[in-house]
Amino acid sequence: MADGRARVLEARGVDMAFGDKQIFEGLDLSVYEGEVLVIIGFSGSGKSVLLKLLSGLIEPPRGVVRYRDQDIADMREPELVSMRKSMSHVFQSNALFDSINVLENVGFGLLEHTKMGDAEIRARVVQCLEWVGLGEEVLMRMPAQLSGGMQKRVALARAVATEPRIILYDDPTGGLDPISVTRIGDMIENLQNELRLTSVIVTGDMKIAFRVADRMALIHQGHIAHLGTPDYFRECDAPEVIEFVRDPEGQAIRY
Ligand SMILES: Nc1ncnc2c1ncn2[C@@H]1O[C@H](COP(=O)(O)OP(=O)(O)OP(=O)(O)O)[C@@H](O)[C@H]1O
């Protein structure tokens, strides 16, 4: 980015393979402070794998991943703890704890990482649930008692509860009804406007992508094949980009 913002995450020359399946070859990507970067790509192109690399959950066999100019592979425990505190990863599967209720799930990070008391944690959990359109009536429910869409919203509430500086969202609107999709889009925009968070969002929902993105990155053939503003993607006529901005009948869609 040309406006001198700090680079918070960076992948350089990253290769990644599972068995003989090559996912990335020489992938480069930078994420800048305060931006919303949306990652798109065909199913199986490696979008979730890229998020896991950026959050240090997996290490690449070749190349480096840096958090604020520090190679994650070289970090020691205190640095890793500090990175994890400032970054939330919302998994595609939601990854809620099955055996504890919504209040405990959303408040988990607050209990672990802060000195907040029970009443304060409860108030913060209620506030976070409100952001994602859920009321106090869900506090005592167990994850299994919630619909898939509600579980997704609880996972988002949990991600924002600890006030991270960076949120990595893996398919935040997958499987949600249109009203919930709009609400999640509102939430992402509000977090952006109010807190200037850095967000990396994997999504197949182009409406959300074009709505919230400052920049978009298309993974194609093992690397970032296109990177630019939503306007760049609207205007680009490369076939692999057109697939994402046209409907199945080949008509251009105005996002
Ligand atoms: N732990 C793993 N072991 C083996 N293969 C894996 C592993 N994780 C991911 N893969 C493979 O890597 C490829 C990329 O997976 P990934 O989940 O990142 O794709 P994606 O672009 O997020 O797909 P989708 O849009 O369908 O969620 C897939 O072929 C997947 O099967």
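In short, a report on the structure. Because the structure is a prediction, the values reported are computed rather than measured. (Residues numbered from 1 in each chain as written. Predicted model: local features only at pLDDT ≥ 70, side-chain atom pairs only at ≥ 80, totals over all residues. Heavy atoms only, no water.)

### Description of the pattern of salt bridges
The condition is simple: By convention in these notes, a salt bridge is any Lys or Arg side-chain nitrogen within 4 Å of a carboxyl oxygen on Asp or Glu. Throughout this description, buried means an accessible area under 20% of the type-specific maximum (1.4 Å probe, protein chains only), exposed means over 50%, and partly exposed covers the range between. Only DSSP runs of H or I reaching four residues or more are called helices, and only runs of E reaching two or more are called strands; each is numbered from the N terminus.
Scanning the model with the defined rule gives 12 salt bridges in all. The salt bridge partner of Arg 12 is Glu 10, with a shortest N-O separation of 2.9 Å. What makes Glu 10 buried here is its relative accessible area of 6%. Residue Arg 234 pairs with Asp 231 through a salt bridge whose shortest N-O separation is 2.6 Å. Of the two residues, Arg 234 and Asp 231 are both situated in helix α8 (residues 230-235); the distance of 3 residues between them amounts to about one turn of the helix.

### Things to note about unusual backbone geometry
Despite not being glycine, Asp 171 has its phi angle at roughly 55°, a positive value. Mapped onto the fold, Asp 171 is located in the loop between β7 (166-170) and α6 (178-195). Of note, Gln 221 is a non-glycine position whose phi angle comes to about 50°, a positive value. Positionally, Gln 221 belongs in the loop between β9 (215-220) and β10 (223-228).

### Thoughts on the site of the ligand
Test applied: Whether a residue is near a molecule or strand is decided by its heavy atoms; if any one of them lies within 4 Å of it, the residue is near. The definition of a polar contact used here is a pair of N or O atoms within 3.5 Å, where within protein one atom must be able to donate a hydrogen and the other to accept one, and adjacent residues in sequence count solely through side-chain atom pairs. To be clear on the numbers: accessible area is Shrake-Rupley with a 1.4 Å probe, and residue cover counts the displayed protein chains and nothing else. Note on residue classes: Ala, Val, Leu, Ile, Met, Phe, Trp, Tyr, Cys and Pro are nonpolar, Asp, Glu, Lys and Arg are charged, and everything else, Gly too, is polar.
The immediate surroundings of the ligand are formed by Phe 18, Lys 21, Ile 23, Phe 42, Ser 43, Gly 44, Ser 45, Gly 46, Lys 47, Ser 48, Val 49 and Gln 92. At 3.2 Å, a backbone N or O of Ser 45 approaches an oxygen atom of the ligand. At 2.9 Å, a backbone N or O of Val 49 approaches an oxygen atom of the ligand. Notes on the ligand: free accessible area 630 Å², of which the protein chains cover 59%. Element by element, the count of residues in the shell around the ligand is highest for helix α1 (residues 47-54), at 3 residues. Of the residues assigned to the shell around the ligand, the class counts are 4 nonpolar, 6 polar and 2 charged.

Note that all results are geometric; they support no functional claim without further evidence.
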